[in-house]
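# Coordinate analysis (summary)
The primary structure of each chain is shown beneath.
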Amino acid sequence: MKRAHLAADPAASRGREFDENRDGTRGPRSEFQRDRDRIIHSIAFRRLRSKTQVFIAPDGDHYRTRLTHSLEVAQIGRVIARTLGLDEDLTEALCLAHDIGHPPFGHAGEKALSQAMEKHGGFDHNAQSLRTLMRLESPYCEHEGLNLTWELLEGLAKHNGPVLSPGWALAELDADFSLELAKYPSLEAQIAAVADDIAYDNHDIDDGLRAGFLELEELLTIDFVADQWRTVEKRFPSADRDRQLRELVRGQIGLMVNDVIEHTEKTTADVETIDQVREAGAALGGFSPAMAGAERQLKNFMYDKLYYHPEQIATAENARNVVARLYAAFEQDSNLLPSGWKDTLPDHEPDRSRHIADFIAGMTDRFAIDQCAKIYGTMPEGLSNV
C-alpha cells in the first residue's frame, strides 16, 4: 500500500524527549517500530493481562482483559491505517499503549484513586498512561521513561481530541516536552481512537452475551444490530446460535471499519498537509454521521444493560473499596510499601500522595486483591460475578 501524503513519517519525526547514543546494534527499525517494541517489552504492558476490561477478576479464561482488548484494538487499527496509507506502526503502537494507565479494576479503580487524590490534583487514566511511559517505566540506563517519539506521545495525549485544561500529570509532562495539547492529533491517533470504540463496542457484546448479562432479544431492539442479525440468519440459517452470534460481531466490526475508511477518505480528500489535520478544528478520522449515530445508540444500550447492570455496579463498588482501602493503608503507614517504593517516597505533598497513587495504579487486579488481604487480614469478597 502506497504511503499517503497525510501519513506520519518516522524519518521526519519530531524526535524524543532525551537524546539517545545508539550503538548501532538494534536493527533496521523505524522510529515508530522502536516505539511499538518498547511498549510491548514493557512491564506495564504485560500487566494489562490481569487488569479489568469489562468483568473484574473473572474466574473464566474466555473473557477479555485489558491486554487482549488492546491487541484487538491494534488489529483493527492496523487494517484501517493500511487501507488509508497511514503509518501502521505508529497506529499499532498507539492502540497497544492506550490503556496502560488504567489502574486495577478499570473505572472502579480510577474512581477510587480520583476520590483519594482529590486534594492532590486528582487521577486520570489517560494522563497516567503518559506518566507511566514517560517517567515510571524506566528500563534504560540513559534516561527515565521509555523515551517514545513525540508523535506517539502526542497521539496518546490527544487521541480523543485537544486537551484544553490538562490535569496536573499531563500538564507537568507537557511542560517538559510540549505536545501541542490545543491541536488535534495525527490521523494515526484519530484512527486508534475509533478502533478502540469499534473493538469494545463489539467485543463487549460478545463477553456480555457469554456471561448472560445481555440477551439477543434486547440487542435486536437496536436497528443497527437487528439489520446485521437478519443478514446472519439469511446467510447461515442452519448454524447454531453461538456461531451466529460470533458472525454478528464480526459483521458489525467489518461494517464499522469500512465506514471509517470511506468517511475518512472523504473528509481528507482536500487536506494537503499533516499540519492541516492538526488545525482542522474537528477530527477527520472516524465514523460517518449515520454510523456515529448508530454507534451512540449501541453504546447507550451497553451502558444501560451491561456496564450499569446492578450486579456490575455492586461488584464495581466492592472493587472501588479495595483500592480505597489500599490507598488509606499506604497513606497511614508507608512501611507497608515495598522497599523500592518506600525508599523513594517523597516527604512532602502532593508528591507523596501521587507516589502512592502511582504504585496502586500499576497493580493488577489479582495483586491488589492479595495486597488488601495481606494488609487487612481478610480476602475481599464480591469481586467476581462471572
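Here's a quick rundown of the structure. (Residues numbered from 1 in each chain as written. Predicted model: local features only at pLDDT ≥ 70, side-chain atom pairs only at ≥ 80, totals over all residues. Heavy atoms only, no water.)

### What to know about the overall build of the protein chain
Counting its regular elements, the protein chain contains 18 helices and zero strands. Since a compact globule built from 386 residues should have a radius of gyration of about 21 Å, the 22 Å found for the protein chain is in line with a globular shape. Based on the C-alpha atoms only, the size of the protein chain along its principal axes is roughly 65 × 50 × 40 Å. Among the 386 residues that make up the protein chain, the fraction classed as buried is 55%. When contacts within the protein chain are restricted to residue pairs at least 6 apart in sequence, long-range pairs at least 24 apart make up 73% of them. (Helix = DSSP H or I, 4+ residues; strand = E, 2+ residues; numbered from the N terminus. Rg over C-alpha atoms; globule rule 2.2 N^0.38 Å. Buried < 20%, exposed > 50% of the residue type's maximum accessible area, 1.4 Å probe, protein only. Contact = heavy atoms within 4.5 Å.)

### Re the side chain of Q244
Along the chain, the position of Q244 falls in helix α12 (residues 241–267). In contact with Q244, not counting residues within four places along its chain, are W229, V232, E233, F236, P237 and A239.

### Some points on the nonpolar core
For soluble globular proteins, nonpolar side chains are generally found buried alongside one another. Formed by 111 residues in total, the largest nonpolar core has its most connected members in I39, I80, F105, L130, L152, I198 and I360. In terms of residues, this core owes the most to one element, helix α9 (residues 187–211), which gives 11 residues. In this view, I198 contacts I76, I80, I253, M256, V257, V260 and F287; residues no more than four positions away in its chain are not counted. (Core = buried A, V, L, I, M, F, W, Y, C linked by side-chain atoms within 4.5 Å.)

### Topic: the environment of G109
Position of G109 relative to the elements: it lies in helix α5 (residues 106–116). For G109 and N318, which are 209 residues apart along the polypeptide, the C-alpha to C-alpha distance reads 10.0 Å. Among all residues touching G109, those that are not within four sequence positions of it are P103, P104 and V323.

### Re α9
In this model, α9 (25 residues) spans 36 Å end to end at C-alpha, consistent with the 36 Å of a helix rising 1.5 Å per residue. For α9, the buried fraction is high: 22 of the 25 residues fall into the buried class. Immediately beyond the C-terminal end of α9, within one or two residues, lies G212, with a positive phi of roughly 85°. (Expected span 1.5 Å × (residues − 1).)

### Notes on a nonpolar patch on the surface
Together, Y303, Y308 and I313 line one region of the surface with nonpolar side chains, adding up to about 320 Å² of accessible area. Looking at the secondary structure, you find Y308 in the loop between α14 (289–307) and α15 (310–332). Accessibility expressed as a relative area gives 52% for Y308, which makes it exposed. (Patch = residues over 30% accessible without salt bridge, like charges linked within 9 Å, V, L, I, M, F, W, Y side chains within 5 Å. Areas by Shrake-Rupley, 256 points an atom, 1.4 Å probe, with all protein chains shown as cover. Salt bridge = Lys/Arg side-chain N within 4 Å of Asp/Glu carboxyl O.)

### Side note on the packing of aromatic side chains
Inspection of the entire model under this criterion finds six aromatic pairs. When the centroid spacing of 5.3 Å and the interplanar angle of 70° are considered together, the rings of F55 and Y63 count as edge-to-face. When sorted by exposure, F55 lands in the same class as Y63, which is buried. On the basis of an interplanar angle of 65° and a centroid distance of 5.4 Å, the ring pair of F330 and F359 is categorised as edge-to-face. (Phe/Tyr/Trp six-rings, centres within 6.5 Å; stacked < 30°, edge-to-face > 60°.)

### Some words on the pattern of salt bridges
Between side chains of opposite charge, pairing is possible as soon as their charged atoms come close. This model, assessed by the stated rule, comprises 37 salt bridges. We note a salt bridge from E247 to R250, for which the minimum N-O separation is 2.9 Å. Of this pair, E247 and R250 both sit in helix α12, three residues apart, which is roughly one turn of that helix. Assessed through its relative accessible area of 18%, E247 is described here as buried.

### Some points on the packing of helix α6 (residues 125–136) against helix α7 (residues 150–158)
In the contact formed by α6 and α7, the axes pass within 8 Å of each other and the chain directions differ by 155°. The pairing of α6 with α7 is recorded here as roughly antiparallel in orientation. Residues N126, L130, L133 and M134 of α6 form the contact with α7, whose own contacting residues are L153, L156 and A157. For the contact of α6 with α7, a count of residues per class yields six nonpolar, one polar and no charged. (Axes fitted to C-alpha atoms, helices over the stretch in contact; angles between N-to-C directions. Parallel < 35°, antiparallel > 145°, perpendicular 65-115°, else oblique. Nonpolar A, V, L, I, M, F, W, Y, C, P; charged D, E, K, R; others polar.)

### Structural notes on helix α3 (residues 66–84)
In an α-helix, one full turn covers 3.6 residues, which means residues spaced three or four apart are oriented alike. An ideal rise of 1.5 Å per residue puts 27 Å on 19 residues; α3 measures up with 27 Å between its terminal C-alpha atoms. Among the residues of α3, R66, L67, H69, S70, V73, A74, I76, G77, R78, I80, A81 and L84 are the ones counted as buried. Once α3 finishes, G85 follows within two positions and takes phi at roughly 75°, a positive value.

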